[in-house]
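Structural overview for review
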Amino acid sequence: MTAAVEAKGWAWRHAGRSSWAVRGLDLRVEAGERVLLLGASGAGKSTLLRALAGVLGGEDEGESEGTLLIDGSAAERARGRVGLVLQDPESQVVLARVGDDVAFGCENLGVPRNEIWRRVGAALEAVGLDLPLNQPTSALSGGQKQRLALAGVLAMRPGLVLLDEPTANLDPDGVIEVRDAVADVTAATGATLIVVEHRVDIWWQLVDRVIVLEPGGGVLADGTPGEILAGQGAALAASGVWVPGHPPALPARNARVGGTLLHIEQLAIGRGVPVQHDLEMSIAAGSCLAVSGANGSGKSTLGLTIGGLLAPIAGVVDAAGLATGLGHDPFRWKSRQLVTRIGSVFQDPEHQFVAPTVRAELEVGAKAIGLPDVAARVDPLLERLRLTGLADVNPFTLSGGEKRRLSVATALVTRPPLLILDEPTFGQDCRTWAELAALFAELLDGGSAIVAITHDQLLVEAIADSELRMPVPTAVSAA
Amino acid sequence: MTTLLTPDVGTRAVARINPVAKLAAAAILGVTLVISLDWVSAVIALGCELVLLPFAGVGARRLLVRTTPVLVAAMLAGLTILLYGRASGDVHLQWLFVTISDGSISLAIATTLRVLAIALPAVILFITVDPTALADGLSQVLHLPSRFVIGALGGMRLVGLFVEDWRSLELARRARGIADRGRLRRFAGQAFALLVLSIRRGSMLATAMEARGFGAAGQRTWARESRLGWQDALLVTIALVIAAIAVTVSVLVGSWAPVLA
């Protein structure tokens, strides 16, 4: 049942790229081993997982060298023996109902109908999803969706389970849900497990082997978690992996708080339907307010409302400290008046990209407010956020960390005194995290105010002066 | 809980009818009524449909909401024909291009009734269709290639995400300082951004589906069986009977007027 993996001089190059994603990989994973696969960004971890799952594509998609075997036969012919769970919960749900979605893989493998439904029940039980089979999948939380994806994989009875950053998009509760489900499943089935994840501490207890890939090809280190931590811990942390016992450096803060920039009174927020009532808070120059709370409690909606992007349902958003001649309600400001007063950074950077290059992306804000010397504003920012070398690159092709840095930079161009950041450190590696925390501390010390909507307790510790915990929402919406 | 892809189809007999049979019934009525332009066949078909309406298991409120667009469309179609239709018989009013005559009045009534008679059963049958069941029927009953049918079904789930994406894109443009001017250009840019995001999401979904063995060689099985039963035969028979009565009566009273004649 459980499957072994063997790579001999294996390499892969994506079509149209000059460099190899993976090269000269020699590796053997025995049946039943639980492996954590690490490596700096660009070391080819995801490529290897997709190759093992047989979804890299054929010759149109790229070029390969060497062999990649699962139980002695070529990986691309082992579909069904291998189950893959990806990072984004949204794009893994295939069908509209829980039971149908879990059954999908079995159908494709030609499992007889009675057997499918037996497996569906068993798989849902194994991942701890106690839901009716006809429950709409769109109503599930992120953690539930990832467990659903795992159940779908499990129902196929794979000998090898591959997880590609399965918890990167989840809130802390979701992370624990998924980790525990994986632990139960591997214990019960004995399937071979290969996990890729930046947040090593989640998996450290569960795996019995850690393999570190070297960018450009080959294996950098291979051993038990203890051996790797002792030998490679510091180097891994420096390359961006979250290693237990090697936390990123927290920036120093000088707490010098200025006048109030914005406050809210009896604010009700929501898109049409109110999710929260009677919210009160104020934010002063030079201070950071962290907003936390469960998924669906309206944190992002609050950010959009105080950021002048959504109209309040009731109550007041008073930005008297930012208005400088305008009315006090930011929702009534013009777009170009808004950007010099409040900068909003969305959770998904891609939603905010509007230009074909990184440099043009930063110039957008500068031009919108009619700055005479655009380059004088943009160049130092590119430098500060290590984007100078990427100035002519299309924003959509950047890595996750680079996209995040760029989306923060686009808000900084117009130098707004108040920044609203929605999950700014979500899914970031340790190195980008430390850079962002240092940048935020620097901005705060320079007199800016930050509202940080975040699940990241470490970020709260690092920069927040106060915390607003959103209560359980007043009306749980059907969406 | 109901969503776009998991509608509440009710528990009445209609909900258990195979979507393929509903498709066939709506097609039979539609094709029959498109052939002729007279009002007799339309009135008879519409009358039969209204008699059957209470059995559809759709609440009055929902029925009204879903059929309002059809009612409006039927009225507008009638009005257009009334004002601009081919004139014949007595002319009652003439002003610029507008001519209201006996001929255009009867044609307008016939058109309104016809649009209602075709659209009403289609709307009723389709608001009670579950997309998953339709996909099962298309693949298992009509044997359309499952690759396309299931692929389309998977893709439909992304539509809801696109709506969310669009809203975020719009707010993001205001947050970037570029929402004051150039509405048209901004719309184009936003549409392009949505396209990029949707291709990205689509290819991720495709990878996820492939990873679950979709498109693999070998025979696919079906977790949900879709086959035709007596209810389905009954529905199609009813549609055939309504069509037959409408045509027969229309021919007998001499008002049958095929469009191609």
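Residues numbered from 1 in each chain as written. Chains lettered and ligands numbered in written order. Predicted model: local features only at pLDDT ≥ 70, side-chain atom pairs only at ≥ 80, totals over all residues. Heavy atoms only, no water.

Thoughts on the overall build of chain A
Looking only at helices and strands, one finds 15 helices and 18 strands in chain A. Seen along its three principal axes, the alpha-carbon backbone of chain A occupies a region of about 75 × 50 × 40 Å. Evaluated residue by residue, chain A yields a buried proportion of 57% over its 479 residues. Taking the intrachain contacts of chain A between residues at least 6 apart in sequence as the baseline, contacts between residues at least 24 apart amount to 71%. Total accessible area on chain A is roughly 18,300 Å²; 50% of this is exposed by carbon and sulfur atoms. (Helix = DSSP H or I, 4+ residues; strand = E, 2+ residues; numbered from the N terminus. Buried < 20%, exposed > 50% of the residue type's maximum accessible area, 1.4 Å probe, protein only. Contact = heavy atoms within 4.5 Å. Areas by Shrake-Rupley, 256 points an atom, 1.4 Å probe, with all protein chains shown as cover.)

Focus: the packing of helix H4 (residues 142–154) of chain A against helix H5 (residues 172–189) of chain A
Residue and element names in this part refer to chain A. The interhelical angle for the contact between H4 and H5, taken along N-to-C directions, is 20°, at an axis separation of 8 Å. Relative to H5, the element H4 is oriented roughly parallel. Viewed along their axes, H4 and H5 form a crossing whose handedness is right-handed. Contact residues: Gly-143, Gln-144, Gln-146, Arg-147, Leu-150 and Leu-154 in H4; Gly-174, Glu-177, Val-178, Ala-181, Val-182, Val-185 and Thr-189 in H5. Taken together, the residues that form the contact of H4 with H5 break down as six nonpolar, five polar and two charged. (Axes fitted to C-alpha atoms, helices over the stretch in contact; angles between N-to-C directions. Parallel < 35°, antiparallel > 145°, perpendicular 65-115°, else oblique. Left-handed = near helix turned anticlockwise from the far one by under 90°. Nonpolar A, V, L, I, M, F, W, Y, C, P; charged D, E, K, R; others polar.)

With respect to the pattern of salt bridges
All names here are of chain A. Throughout the structure, instances matching the rule amount to 38 salt bridges over all chains. The closest approach of N and O atoms between Glu-65 and Arg-23, which form a salt bridge, is 3.1 Å. With Glu-65 in strand E4 (residues 62–70) and Arg-23 in strand E2 (residues 22–29), the pair connects residues that are 42 residues apart, well separated along the chain. A residue is classified by how much of its surface remains accessible, and Glu-65, at 31% relative accessible area, is partly exposed. By relative accessible area, Arg-23 is classed as partly exposed at 37%. As a salt-bridge pair, Arg-81 and Asp-71 come within 2.7 Å of each other at their nearest N and O atoms. Here Arg-81, found in the loop between strand E5 (73–74) and strand E6 (82–85), pairs with Asp-71, found in the loop between E4 and E5; they are ten residues apart in sequence, far enough to count as distant. For Arg-81, a relative accessible area of 28% gives the class partly exposed. (Salt bridge = Lys/Arg side-chain N within 4 Å of Asp/Glu carboxyl O.)

Thoughts on the domain arrangement of chain B
The parts lose accessible area when they come together, and the size of an interface is often stated as this lost area. Looking at the assigned domains, one finds that chain B contains domain 1 (11–130 + 228–252) and domain 2 (142–211). Averaged C-alpha coordinates put domain 1 of chain B and domain 2 of chain B at centres separated by 35 Å. (Domains from an automatic or database assignment.)

Concerning the environment of Thr128(B)
Residue and element names in this part refer to chain B. Locating Thr-128 in the fold gives a position in the loop between helix H5 (102–127) and helix H6 (131–140). Since its relative accessible area comes to 4%, Thr-128 is described here as buried. Spatially, the C-alpha atoms of Thr-128 and Gly-57 are 8.8 Å apart, while their sequence positions differ by 71 residues. At 2.9 Å, the side chain of Thr-128 and the side chain of Lys-22 are in polar contact. (Polar contact = N/O pair within 3.5 Å; in protein donor to acceptor, adjacent residues only side chain to side chain.)

Notes on the packing of aromatic side chains
Residue and element names in this part refer to chain A. Summed over the entire model, instances satisfying the criterion amount to four aromatic pairs over all chains. A centroid spacing of 5.8 Å and a plane angle of 75° characterise the contact between Trp-242 and Trp-433, whose relative ring orientation is edge-to-face. With a gap of 191 residues between them, Trp-242 in the loop between helix H7 (225–238) and strand E11 (260–271) and Trp-433 in helix H14 (residues 430–445) connect regions that are remote in the sequence. The same class applies to Trp-242 and to Trp-433, which are both buried. The interplanar angle of 85° and the centroid separation of 6.1 Å between the aromatic rings of Phe-353 and Phe-396 together place this pair among those described as edge-to-face. Taken together, the residues Phe-353 in the loop between strand E15 (342–345) and helix H11 (358–368) and Phe-396 in the loop between helix H12 (374–384) and helix H13 (400–412) connect sequence positions 43 residues apart. Of the two residues, Phe-353 and Phe-396, neither departs from the other in class, the shared state being buried. We note Arg-199 situated over the ring of Trp-242; from NZ or CZ to the ring centre the distance is 4.2 Å. (Phe/Tyr/Trp six-rings, centres within 6.5 Å; stacked < 30°, edge-to-face > 60°. Lys NZ or Arg CZ within 6 Å of the ring centre and 35° of its normal.)

Notes on the sheet that holds strand E10 (residues 219–223) of chain A
Residues and elements named next belong to chain A. With mixed pairing, six strands are arranged side by side in an open sheet as E6-E7-E8-E3-E9-E10. In this open sheet, the two edge strands, each paired with only one partner strand, are E6 and E10. Direction aside, the axes of adjacent strands within the sheet are offset by 15° on average. Relative to E10, H7 is tilted by about 145°, and along the sheet it contacts strand E3 (34–39), strand E9 (209–213) and E10. (Pairing = 2+ DSSP bridges.)

A look at the nonpolar core
Most often, soluble globular proteins have nonpolar side chains that are buried together. Counting residues in each nonpolar core, the largest one holds 49 residues, and the members touching the most others are Leu36(A), Leu150(A), Leu163(A) and Trp203(A). Per-element accounting of this core gives the leading share, six residues, to H4(A). The contacts of Leu163(A), once residues within four sequence positions are left out, are Leu49(A), Val85(A), Leu150(A), Val182(A), Leu193(A), Ile194(A), Val195(A), Val196(A) and Trp203(A). Counting 42 residues, the second-largest nonpolar core is a separate cluster that includes Trp242(A), Leu381(A), Leu406(A) and Leu194(B). (Core = buried A, V, L, I, M, F, W, Y, C linked by side-chain atoms within 4.5 Å.)

Some details on the sheet that holds strand E17 (residues 449–453) of chain A
In a beta sheet, neighbouring strands are held together by backbone hydrogen bonds and run either parallel or antiparallel to one another. All names here are of chain A. Strand order in this open sheet of five strands is E15-E16-E17-E13-E18, and the pairing throughout is parallel. At either end of the open sheet lies a strand with only one pairing partner, and these are E15 and strand E18 (466–469). Sheet twist, expressed as the mean angle between neighbouring strand axes with direction ignored, is 15°. Alignment of strand E13 (residues 288–292) against E17, held across four bridges, turns out to be parallel. Residue Cys-288 lies in a different strand from E17, and its bridge partner there is Ile-450. Along the sheet, helix H8 (residues 299–306) contacts E13, E15, strand E16 (418–422), E17 and E18; its crossing angle with E17, the most-contacted strand, is approximately 150°.

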